[in-house]
Amino acid sequence: VLVCDGQYQLTSFAASGNSNWTITLPSALSGAPLALGGKLIVTTTDGTITVLDPTSGSVAAQRKLAEPLGGGAVAYKGRLLVVGWDGTLYIVDVPR
């Protein structure tokens, strides 16, 4: 289970209720995290796409778009679809 609080702290909880890890995001989540290829893809309202290791919470890769994001990422033909705050649809490579 993933929970994000008002301080942009994203925490992973085990079924037991114990926390696995916590990271600080650059801004609020813009949509639901996406599980893809054994990683978690998290998008935030400041335009950042972050790839996380779901076991440790470590950042595997990150990319900052010039546009604030208004929704979560969707996998599409090996790439990501993300929508900007103004409704623009971006097709981007998964950050590596």
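Structure shown above.
For the structure given in this document, a descriptive report is provided here. (Residues numbered from 1 in each chain as written. Predicted model: local features only at pLDDT ≥ 70, side-chain atom pairs only at ≥ 80, totals over all residues. Heavy atoms only, no water.)

**Some remarks on the sheet that holds strand S9 (residues 79-83)**
Read from one edge to the other, the open sheet built from 3 strands follows the order S8-S9-S10, with strand pairing classed as antiparallel. For this open sheet the edge positions go to strand S8 (74-76) and strand S10 (89-93), each flanked by a neighbour on one side alone. Taking each pair of neighbouring strands and ignoring which way they run, the sheet shows an average axis angle of 35°. (Pairing = 2+ DSSP bridges. Helix = DSSP H or I, 4+ residues; strand = E, 2+ residues; numbered from the N terminus. Axes fitted to C-alpha atoms, helices over the stretch in contact; angles between N-to-C directions.)

**What to know about the nonpolar core**
The biggest cluster of nonpolar side chains holds 12 residues, and these are Leu34, Ile41, Ile49, Val51, Ala61, Leu65, Leu69, Ala73, Leu80, Val82, Val92 and Val94. Among the elements of the structure, strand S6 (48-52) and S9 are those that each provide at least two residues to this core. Those residues in contact with Ile41, other than ones at most four positions away along the chain, are Pro33, Leu34, Leu36, Ile49, Thr50, Val51, Ala73, Leu80 and Val94. Membership of the second largest hydrophobic core comes to 7 residues, among which are Leu10, Ile23, Leu40 and Leu52. (Core = buried A, V, L, I, M, F, W, Y, C linked by side-chain atoms within 4.5 Å. Buried < 20%, exposed > 50% of the residue type's maximum accessible area, 1.4 Å probe, protein only. Contact = heavy atoms within 4.5 Å.)

**Overview of the pairing of strand S7 (residues 59-64)**
Both S6 and S7 contribute to a ladder of 5 bridges, which runs antiparallel. Pairing of Ile49 across the sheet is with Arg63, part of S7.

**Quick notes on the sheet that holds S6**
One open sheet accounts for 4 strands, arranged S4-S5-S6-S7; its pairing is antiparallel. Edge positions in the sheet fall to strand S4 (34-36) and S7, since each of these pairs with one other strand and no more. Neighbour-to-neighbour, the strand axes of this sheet turn through a mean angle of 20°, independent of strand direction. Pairing of strand S5 (residues 39-43) with S6, which is carried by 4 bridges, proceeds in the antiparallel orientation. What sits directly across from Thr43, in S6, is Ile49.

**Considerations on unusual backbone geometry**
One non-glycine residue, Tyr8, lies in positive phi territory at about 65°. Relative to the helices and strands, Tyr8 is located in the loop between strand S1 (2-4) and strand S2 (9-13). Non-glycine residue Lys77 carries a positive phi angle of around 50°. Along the chain, the position of Lys77 falls in the loop between S8 and S9.

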